[in-house]
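Residue strings, one per chain:
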Amino acid sequence: MHSSSPISRRDVIKGLGAGVALVGLGALGSTAQAAAAPVAASAAAPASGPFSLPKLPYAYDALEPHLDARTMEIHHSRHHQAYINNANAALRDQAALSALTGIQLLQRLPSVPDAVRAAVRNNVGGHVNHSFFWEIMGPGATVPTGALAAAIDKAFGSFEEFKTRFAAAATGRFGSGWAWLNVRGGALVIESTANQDSPWSDGAVPVLGLDVWEHAYYLKYQNVRPDYVKAFWNVVNWRKVEANFTAAPV
Ligand SMILES: [Fe+2]
């Protein structure tokens, strides 16, 4: 097993460029404001810099009826793009930081200069988290198999008990954030983070994640987050989750 992942390999591909759109930097003074910034930021400006929007591995309507096409399109093309625009803007004059992958930046947050640490935490976090999220979903319900299924049974007793505990983490996260199935210290653990905070910044390796920001579900599920969490199980790509688990350090 090794610590690299498809996301980290993809993020290694860098494209330094000029003409960075200074979108939303004025809102990066605090964690809460920065976390909210992408919602207001336009995705119209091209994202010139180290990060670019990954293509979804499926069509916007592929996860219907569980995740609707309109939500997926706005979530991917606007919200995710805005995190990228803001991250690129924050790294505009940071050549050394721009040479790192998104995951490497999140793993080294304490060493990121004060002036851009909040922007990196929130916007590189948003980019890495969303890139991960798209990949662990797909059309067609699947279930865990093999070593991952065995590890879930060992850690939580059963797959059903795992889903119950994961859903509790997702619905119990106050405000905006994420629920995660992580590998931490060689074991599977269910955790959650606020805003765009990433398990990578806290010594863990994510294998499954669920975005519980309202922008992920409000158009279809309004304020009923538990229904969105329940629907999520119909679109988890467990083959990808298994690959993440296999790649995680023991
Ligand atoms: Fe999101």
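This one's a predicted model, so the numbers in the text were calculated from it and none came from an experiment.

A. Local environment of the overall build of the protein chain. A count of helices and strands for the protein chain gives 11 helices and 3 strands. Each helix and strand of the protein chain, ordered N terminal to C terminal, gives the series α-α-α-α-α-α-α-α-β-β-β-α-α-α. The buried share of the protein chain, taken over its 250 residues, is 42%. Taking all contacts inside the protein chain whose residues are at least 6 apart in sequence as the whole, residues at least 24 apart take part in 73%.

B. Main features of helix α11 (residues 238-247). Those residues of α11 lying buried are Lys-240, Val-241, Asn-244 and Phe-245. Buried residues of α11, seen end-on, are gathered within an arc of 145° and therefore sit on one face of the element.

C. Expanded view of unusual backbone geometry. In this structure, the amide linkage connecting Glu-64 to the following residue, Pro-65, adopts the cis form with an omega of -5°. Of note, Pro-65 is situated in the loop between α2 (31-40) and α3 (69-90). Of note, the phi angle at Gln-222 is positive, near 50°, even though the residue is not glycine. Among the secondary structure elements, Gln-222 is positioned in the loop between α9 (218-221) and α10 (225-232).

D. Representation of the environment of Trp-200. Here Trp-200 lies in the loop between β2 (187-194) and β3 (205-211). Looking at Trp-200, the number of C-beta atoms within 10 Å reads 26, which means it is buried. In this structure the C-alpha to C-alpha distance between Trp-200 and Gln-104, which are 96 residues apart in sequence, comes to 8.3 Å. The contact partners of Trp-200, leaving out residues within four places of it in the chain, are Ile-103, Leu-106, Gln-107 and Val-128.

E. Representation of the confidence of the model for the protein chain in the model. For the protein chain, per-residue confidence averages 85 on the pLDDT scale, and 81% of positions sit at 70 or higher. Long-range and interchain partners of residues 1-44, a stretch whose pLDDT sits below 50, account for 90 contacts in this model, where long-range means more than four residues apart.

F. Summary view of the packing of α3 against helix α6 (residues 114-135). At their nearest, the axes of α3 and α6 sit 8 Å apart, and the two run at 145° to each other. Judged by the sense of rotation from one axis to the other, the crossing of α3 with α6 is left-handed. Along its contact with α3, which presents His-76, His-80, Tyr-83, Ile-84, Asn-86, Ala-87 and Ala-90, the element α6 presents Val-116, Ala-119, Val-120, Asn-123, Val-124, Gly-126, His-127, His-130 and Trp-134. When its residues are assigned to classes, the contact of α3 with α6 shows 9 nonpolar, 7 polar and no charged.

Definitions and cut-offs
- Residues numbered from 1 in each chain as written.
- Predicted model: local features only at pLDDT ≥ 70, side-chain atom pairs only at ≥ 80, totals over all residues.
- Helix = DSSP H or I, 4+ residues; strand = E, 2+ residues; numbered from the N terminus.
- Buried ≥ 20, exposed ≤ 12 C-beta atoms within 10 Å, placed from the backbone.
- Contact = placed C-beta atoms within 7 Å.
- Arc of directions from axis to C-beta.
- pLDDT = per-residue confidence, 0-100.
- Axes fitted to C-alpha atoms, helices over the stretch in contact; angles between N-to-C directions.
- Left-handed = near helix turned anticlockwise from the far one by under 90°.
- Nonpolar A, V, L, I, M, F, W, Y, C, P; charged D, E, K, R; others polar.

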